[in-house]
Every structure is written in structure tokens, then in C-alpha cells.
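The chain contents come next:
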Amino acid sequence: MKVLVPVKRVVDAYVKVRVKSDGSGVETNNIKMSMNPFDEIAVEQAVRLREAGTATEVVAVTIGPQQAQEQLRTALAMGVDRAMHIEADAGVEPLAVAKILSAVCDQESPDLVLLGKQAIDDDSNQTGQMLAALRGWPQGTSISKLEPGDGTVTVTREVDGGLESLELPMPAIATVDLRLNEPRYPKLPNIMKAKKKPIEQSTTADLGVDITPRLKQVKVEEPPARAGGVKVSSVDELIDKLRNEAKVIQ
Amino acid sequence: MDFESTTEQNMIVDSVRRFVEEECYPHENEVERRGEVPAEVAEAIRAKSIEHGFYAANMPEELGGGGLDALTMTMVERELGRTSFALQMLVHRPSNILRACNDEQAERYLYPAIRGERIDCLAMTEPGAGSDLRGMATRAEADGDDWVINGTKHFISHADVADFTILFAATGEEEVQGRGKRKKITVFLVDHDTPGMQVRAGYNSVSHHGYHNSILEFDNCRVPATQVLGEVHRGFDLAGTWLSASRLTVGATCIGRARRAHEMAVEWAASRKQFGQSIGRFQGIGFKLADMATEIEAAEMLCLRAAWLHDQDRMTDSDAAKAKLYASEMLARVTDECIQIFGGMGLMDELPLERFWRDARIERIWDGTSEIQRHIISRDLLRPYGG
């Protein structure tokens with residue numbers, strides 16, 4: 001089984017982000033960048049499949065600026081076999097990403113594409129689903145368990161009210177959730193080895209994908225400060241507030 | 001000039017940080033309370049650090065070590081410095097001076113130390129010889145092909161868990177022009193099961209609970225000439241060649257601990273409300289945070305630059321002294337002010353701040369006191385003028 005793992009360079013999960021004063025985005029100057037944590041879980045799962053002998057090859061791919069190669073080095077240090085960098089300016093939209101990944105699938109013919117369920121920067125949660133649609137491949141989103149079968153993978157999804165199991169014939173797409181595994185931290189010798197591995201480079205033009213933006217970002221602002229709660233004196237008052245103020249029930 | 005750390009350095013730092021947070025932080029309170037690291041915890045941390053290649057990361061790759069240069073090692077030490085000394089020292093970095101081993105000694109000491117099979121400790125300090133190391137009374141006398149060692153060493157770090165000691169002993173005197181007599185020093189490798197050598201428990205220290213110092217007694221301890229490290233009488237040259245970077249280790253660990261204390265203080269100042277606003281909004285607190293952040297970065301720059309110079313074979317004693325001096329004094333100020341920001345709670349053992357504050361005290365003393373560092377720096381300034 002060949003596994004493709006797309007990874008994204010994002011602001012580190014532990015950084016307290018600040019919105020730029022002109023509202024054009026968040027401050028990224030002198031800010032620690034890391035691999036999207038959900039993608040890290042996907043890499044870990046692919047590497048575990050590789051170590052178990054189920055996967056024969058694991059390929060990591062990133063779309064982004066030159067610096068995104070840092071995240072590929074992390075993936076290499078964690079144990080992926082090969083890494084591909086598709087150079088693009090920051091801000092490639094989910095549909096464009098899905099199209100690029102589809103073009104990569106044409107080249108690489110993976111049996112399984114493992115993605116993070118979403119990237120923690122824009123939280124779109126779209127790429128995996130769009131890629132599945134473009135390929136016409138079955139998908140399992142937000143999975144917490146993955147078991148390889150014979151020409152299939154069985155995935156468990158955490159849904160409201162329980163767990164849902166899906167058997168996906170391969171090639172298939174799976175997007176991973178937090179509880180799937182706990183990613184390893186790379187060993188020093190593997191970090192050194194990752195330094196020497198080549199990274200295959202191409203551009204979106206090489207793949208023939210048009211990444212012209214279709215979305216317009218109007219404004220980025222901080223979420224409103226949390227207001228204090230109120231006490232209600234009766235259930236009736238609560239229902240009234242839910243219906244007329246919060247408008248969450250009819 | 002380029003201040004950018006490399007991708008590998010960033011990855012190593014991230015990896016060591018996770019190791020420290022996941023493997024060491026959870027045991028800090030117990031180590032502090034018990035005054036020792038439980039054996040199973042020590043074994044687990046050692047095993048994991050060997051598995052991850054952090055153990056002996058300072059040693060060259062061709063010898064089986066991690067192959068990190070001094071600059072990267074300083075970043076690693078900084079991350080290790082975030083946790084208790086008793087825990088971080090389990091990620092052992094064998095003394096660089098072992099690289100002076102000849103081939104036969106390397107098989108018995110250097111390689112087993114790198115593999116984690118044997119642990120070294122370094123013995124210089126004596127009750128009567130602290131800053132004035134040459135005043136040491138421990139002596140080794142030639143007797144046929146052997147050396148017979150007599151004397152006492154104290155404050156010897158982790159000698160209780162070590163398998164052998166890298167011992168500095170006087171082996172004679174020489175006349176130095178215009179300055180009278182001074183002792184000639186030789187370095188010996190002494191196995192802890194050598195008859196005539198005894199390792200006794202040392203003193204209880206206010207700093208670094210769980211990390212033990214020992215007293216070493218040598219009573220007609222006889223070692224063959226094959227135990228001499230390097231050349232006879234050239235012990236201080238060896239120290240100069242191989243131990244100069246150890247001051248950067250102290251500096252780096254100070255920065256790690258200061259960062260951790262400072263992060264706690266920032267979070268607290270932003271969330272703690274008094275008089276209707278977060279205390280960080282009061283200039284008295286906010287400016288403290290700003291000053292500390294500035295000092296921590298300044299200390300880091302000094303240490304990283306000295307380490308970089310070391311990698312270029314251009315570091316002077318003064319460079320290392322400045323880094324160690326400033327970082328250790330910075331840590332004292334930072335831990336003190338962080339406690340001030342937390343108020344009474346900062347002194348309680350519910351939080352790690354009180355121990356950071358206690359632990360900080362030794363950093364201005366060991367590996368050369370602040371006064372010795374200032375002496376080194378001022379001597380460097382005045383000598384060209386004949387002063």
C-alpha cells in the first residue's frame with residue numbers, strides 16, 4: 001500500500017496569535033511555525049503503517065513557500081520515505097489545494113491519502129472532502145481509528161451519539177482527528193538523516209493547476225471578548241432567553 | 001551576519017522540548033519531595049534519551065555520539081535546563097575531556113560512556129581548593145609503574161551514580177618565573193571499585209534537590225600508569241582544551257529555566273486581576289516582564305555567540321565567562337522577580353517557582369563563581385595595558 005500524506009505549514013499551535021492592526025490577517029513576523037498538528041497525526045499513522053509492513057511507501061507533500069520545506073524535513077525525520085514540495089505563495093485556497101493534490105495523485109497513484117481533518121490556521125476542513133470528490137474516491141472524515149484490510153481500510157469516525165465504522169475500498173481518502181494517535185517526536189539520528197534526503201520540487205504550473213483565488217478575504221478580527229454569564233430564576237425564563245435572545249430554539 | 005537557526009536545529013529543539021515536557025516535567029514534584037530520582041524513573045529517562053539519541057549528543061558522530069556542534073548543543077542544554085537538574089542530568093553528556101583518551105582507554109571509558117554503559121564524574125574541587133584549583137592537596141606519587149593517590153575531593157556532582165572519576169591531582173611542583181612555585185596537575189581515570197577509593201554522601205544543598213554531590217576519599221589508592229589521561233603534569237592544559245564549553249552549559253540551562261519562569265509570570269500577569277484589571281496592566285508589573293524578556297534574550301545571545309565562536313575555534317575564556325556570568329545572574333534576578341509577580345503563592349511549593357529561585361543560587365557559584373568570571377573578563381581587558 002502506498003500512502004500519500006499532505007502536510008501544511010501553519011502558525012504553531014502554542015503561539016498566541018495576534019491580529020494585524022490593518023485587519024489583513026494574523027501577525028506572522030518572528031512567530032514559530034510548525035506542521036499542522038492534525039497533519040502530524042496523519043504522518044504518524046502513515047509511518048506506523050510503514051513500520052507494521054502494511055504500507056510499502058509513504059510520501060509527504062506540501063504546498064507552500066520555500067520555508068514549508070522545514071515541515072517536510074520534520075515528516076522525513078518522523079519516518080516518511082520521500083518528500084515533495086510544490087512551491088506556491090501562501091494562501092492557496094482549499095479547492096486549489098485539492099486540485100493540486102489530485103494532480104499529485106495522478107503522478108503517484110497512492111492507495112490511501114491521509115490528511116489532517118483541518119488546518120489550525122484557517123480551520124477550513126474542506127481539502128480532504130474536495131479531493132475525494134475530485135477523485136471520485138470514498139472518504140472517511142475525522143477518523144479516530146484506522147485498520148487496514150484486504151484492498152480496503154476500515155475507519156472509525158466519532159459522530160454524535162457513538163462511533164461509526166466505514167469500510168472504504170482503496171484508493172481512499174481519510175482525514176484524521178485528534179484521538180487517532182499521539183505523534184512521536186523525532187530522534188536525533190533521524191533528524192540528521194532527514195537533512196540529507198532529497199526533496200522533490202515542482203510548481204503549481206508544472207502540475208497544470210490554476211490556483212487563482214476564488215475567495216475574497218474581507219477582514220480578520222479577534223473574536224469578541226467573552227461576556228460574563230447571567231443567572232436565570234426559572235426554566236421558563238431560560239427557555240424564553242434561548243428562544244428570543246440567543247435564538248437557538250424555535 | 002545571519003541569526004537564523006537551521007531547520008535541523010529547530011527540529012532538535014522541538015524534539016528535546018517535547019522530551020523534557022513529557023518525560024521529565026511529570027516527575028519534578030516527586031523528585032523535589034523525595035530528594036532523589038526514583039530508580040525506575042531514572043532508568044526510563046535514561047533509556048528514552050539513549051533511544052532518541054539525546055544521550056551523549058555532545059560527542060562526535062564517529063565515536064557514536066550525537067555529533068552536535070557547540071551551538072546546537074547550547075540550544076539543547078537550554079531546553080534541558082527547563083526541568084529539574086536531577087532529571088535533566090539523566091540525559092548524560094559525558095565529559096568532553098574523555099576525548100583525550102588513548103585508544104586503549106577509549107575502549108574502557110570513552111565508548112562505554114557514550115553508549116550509556118558507564119557514567120563518568122569529574123573531580124577537581126576540594127575543601128581547601130575551590131576557585132584556587134591549583135591549591136589542591138590531593139596528590140599522586142609515582143611508585144614504580146603505579147601512582148599512589150591520597151587526598152579528599154568534595155562537591156563532586158553525581159559521583160554517587162558514576163562508575164569512574166576523572167580525577168585532578170597534584171603530581172609535583174614547578175618554579176614559575178617571578179611567581180614562585182606552583183603545582184603541576186595530572187588527570188587520572190579512577191574506577192570506583194579501586195581499593196583505597198571511597199565515595200561518601202556529600203552535603204544537602206538548597207539548590208537542585210535530588211541531584212547529589214559526594215565526597216571522594218583517596219587513601220593510598222593505587223592506579224597503574226595506564227590510568228593517566230593525557231600527559232603527566234599536563235592536566236590543566238587538558239582542562240583548557242576540553243572543559244571550556246562547560247560554562248556555556250551552565251549559561252544555557254539558566255536561560256531555559258528563566259524562560260520557563262518568565263512564561264509562567266506572563267500568563268499569571270495577564271490573568272490575575274486586582275483592583276479591577278489584570279496585574280500586567282500595572283506598569284510596576286508590566287515593566288518587570290519587559291525587563292526580564294530583554295535580559296533573557298541578551299543572555300541567550302551571549303551564550304549562542306560564545307558557542308558559535310567555540311565552533312570556529314575562536315572562543316576566548318572571556319567569551320565563555322561573559323556568557324556564564326550574565327546568564328546566571330540574569331536567572332537570579334528573573335526567578336526573584338517572577339516570585340514577586342506571583343506574590344505569596346510564588347513561595348509555595350504548589351508552584352515550581354520557589355525551587356527555580358533556590359536552584360538559581362548555585363548557578364552563580366559552580367563552574368567558576370561570578371567573581372572568578374569577572375576576574376577572567378577584567379584580566380583580559382587589562383593585560384594588554386600591562387595592568
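**Quick notes on the sheet that holds strand β9 (residues 162-169) of chain A**
Residue and element names in this part refer to chain A. The strand order across the open sheet formed by nine strands is β9-β8-β7-β10-β6-β1-β4-β5-β11, and the pairing between neighbours is mixed. The open sheet is flanked by β9 and β11 (200-203), the only strands paired with a single partner. Across the sheet, the mean angle separating the axes of adjacent strands is 35° when strand polarity is ignored. Summarising the sheet, strand β8 (residues 152-159) and β9 pair through eight bridges and their orientation is antiparallel. Counted as the bridge partner of threonine 154 is glutamate 167 from β9.

**Some thoughts on the interface of chain A and chain B**
Of the residues lining the interface, 17 residues belong to chain A; the matching set on chain B comes to 20 residues. When chain A packs against chain B, close to 1600 Å² is buried across both sides, 59% of that on carbon and sulfur atoms. Inspection of the region where chain A meets chain B yields two salt bridges. For lysine 32 of chain A, the salt bridge is made with aspartate 14 of chain B, and the minimal N-O distance between the two is 2.6 Å. Here chain A is connected to chain B by six residue pairs in polar contact (both at pLDDT 80 or more).

**With respect to unusual backbone geometry**
Of the consecutive residues methionine 170 of chain A and proline 171 of chain A, the connecting peptide bond is found in the cis state with omega at 5°. Summarising the element assignment, proline 171 of chain A is placed in the loop between β9 and β10 (172-176). One non-glycine residue, alanine 56 of chain B, lies in positive phi territory at about 55°. With respect to the secondary-structure elements, alanine 56 of chain B resides in the loop between α3 (39-51) and α4 (70-80). Under the relative-accessibility criterion, alanine 56 of chain B is labelled buried at 0%. Positive phi, normally seen in glycine, also occurs at asparagine 220 of chain B, with a value near 50°. By the element assignment, asparagine 220 of chain B lies in strand β7 (residues 213-224).

**What to know about helix α10 (residues 317-342) of chain B**
All names here are of chain B. Compared with an ideal rise of 1.5 Å per residue, which puts 26 residues at 38 Å, α10 spans 38 Å between its outermost C-alpha atoms and is within 8% of the ideal. Taken across its 26 residues, α10 has 19 buried, putting it largely inside the fold. Just downstream of α10, glycine 343 is the residue with a positive phi angle, here 70°.

**As for a nonpolar patch on the surface**
A cluster of nonpolar side chains, contributed by Val232, Val235, Leu238, Ile239, Leu242, Val248 and Ile249 of chain A, occupies part of the molecular surface with about 530 Å² of accessible area. Looking at the secondary structure, you find valine 248 of chain A in the segment after α6 (235-244).

**Examining the state of the cysteines**
All names here are of chain B. Counted by the stated rule, this structure contains zero disulfides over all chains. Its sulfur unpaired, cysteine 101 is 14 Å from the next cysteine sulfur, which belongs to cysteine 121. Owing to a relative accessible area of 12%, cysteine 101 belongs among the buried residues under this scheme. Note on cysteine 121: no disulfide assigned, nearest cysteine sulfur contributed by cysteine 221 at a separation of 13 Å.

**Observations concerning the side chain of histidine 52 of chain B**
Checked against the element boundaries, histidine 52 of chain B lands in the loop between α3 and α4. For histidine 52 of chain B, a relative accessible area of 6% corresponds to the buried category. Sequence-distant contacts of histidine 52 of chain B, that is, excluding residues within four places in its chain, are made with Tyr185, Pro186, Lys187, Leu188 and Pro189 of chain A.

**What about the side chain of threonine 74 of chain A?**
Looking at the element boundaries, threonine 74 of chain A is found in helix α2 (residues 69-78). For threonine 74 of chain A, a relative accessible area of 16% translates into the label buried.

**Here we look at the pattern of salt bridges**
Summed over the entire model, instances satisfying the criterion amount to 52 salt bridges over all chains. A salt bridge links arginine 157 of chain A to glutamate 164 of chain A; the shortest N-O distance between them is 2.7 Å. When its relative accessible area of 21% is taken as the criterion, arginine 157 of chain A is described as partly exposed. On the basis of relative accessible area, glutamate 164 of chain A is assigned to the partly exposed category, the value being 30%. The partner of aspartate 143 of chain B in a salt bridge is arginine 222 of chain B, with the nearest N and O atoms 2.7 Å apart. Here the residue aspartate 143 of chain B occupies a position in strand β2 (residues 139-143), and arginine 222 of chain B occupies one in strand β7, the gap between them amounting to 79 residues. Ionic contacts of the salt-bridge type, sharing partners, join the residues Arg17, Glu21, Arg78, Glu79, Arg259 and Glu300 of chain B into one network.

**A look at the confidence of the model for chain B**
Summarising the model, chain B shows a mean pLDDT of 96, and 100% of its residues fall at 70 or more. Among the scores for the predicted complex, ipTM is 0.88 and pTM is 0.91.

**Regarding the packing of aromatic side chains**
The final tally for this structure, using the stated rule, is ten aromatic pairs over all chains. Ring geometry for tyrosine 211 of chain B versus tryptophan 366 of chain B: centroids 6.2 Å apart, planes at 90°, classification edge-to-face. In this pair, tyrosine 211 of chain B is assigned in the loop between β6 (197-201) and β7 and tryptophan 366 of chain B in the loop between α11 (353-363) and α12 (370-382), connecting sequence segments 155 residues apart. Considering the side-chain rings of tryptophan 268 of chain B and phenylalanine 342 of chain B, the 5.0 Å spacing of their centres and the 10° angle between planes classify their relative orientation as stacked. With tryptophan 268 of chain B in helix α8 (residues 246-271) and phenylalanine 342 of chain B in helix α10, this pair connects stretches of sequence that are 74 residues apart. Members of the aromatic cluster, each reached through a chain of ring pairs, are Tyr185 of chain A together with Phe19 and Phe54 of chain B. Across the ring face of tyrosine 25 of chain B, the terminal group of arginine 260 of chain B is positioned such that the distance to the ring centre comes to 3.7 Å. The side chain of arginine 333 of chain B reaches across the aromatic face of tyrosine 326 of chain B, ending 5.7 Å from its centre.

**Some remarks on the pairing of strand β3 (residues 146-157) of chain B**
Residue and element names in this part refer to chain B. In this sheet, β3 lies alongside β2 in antiparallel orientation, the contact comprising five bridges. Bridged to alanine 142 within β3 is tryptophan 147. Where β2 hands over to β3, the hairpin turn is made up of two residues, of which glycine 144 adopts a positive phi near 65°. Pairing geometry for β3 and β7, over nine bridges, is antiparallel. Bridging from a neighbouring strand, isoleucine 149 pairs with cysteine 221 of β7.

Reading guide: rules and limits
- Residues numbered from 1 in each chain as written.
- Chains lettered and ligands numbered in written order.
- Predicted model: local features only at pLDDT ≥ 70, side-chain atom pairs only at ≥ 80, totals over all residues.
- Heavy atoms only, no water.
- Pairing = 2+ DSSP bridges.
- Helix = DSSP H or I, 4+ residues; strand = E, 2+ residues; numbered from the N terminus.
- Axes fitted to C-alpha atoms, helices over the stretch in contact; angles between N-to-C directions.
- Contact = heavy atoms within 4.5 Å.
- Buried area = accessible area lost by both parts, 1.4 Å probe.
- Salt bridge = Lys/Arg side-chain N within 4 Å of Asp/Glu carboxyl O.
- Polar contact = N/O pair within 3.5 Å; in protein donor to acceptor, adjacent residues only side chain to side chain.
- Buried < 20%, exposed > 50% of the residue type's maximum accessible area, 1.4 Å probe, protein only.
- Expected span 1.5 Å × (residues − 1).
- Patch = residues over 30% accessible without salt bridge, like charges linked within 9 Å, V, L, I, M, F, W, Y side chains within 5 Å.
- Areas by Shrake-Rupley, 256 points an atom, 1.4 Å probe, with all protein chains shown as cover.
- Disulfide = S-S within 2.5 Å.
- pLDDT = per-residue confidence, 0-100.
- Phe/Tyr/Trp six-rings, centres within 6.5 Å; stacked < 30°, edge-to-face > 60°.
- Lys NZ or Arg CZ within 6 Å of the ring centre and 35° of its normal.

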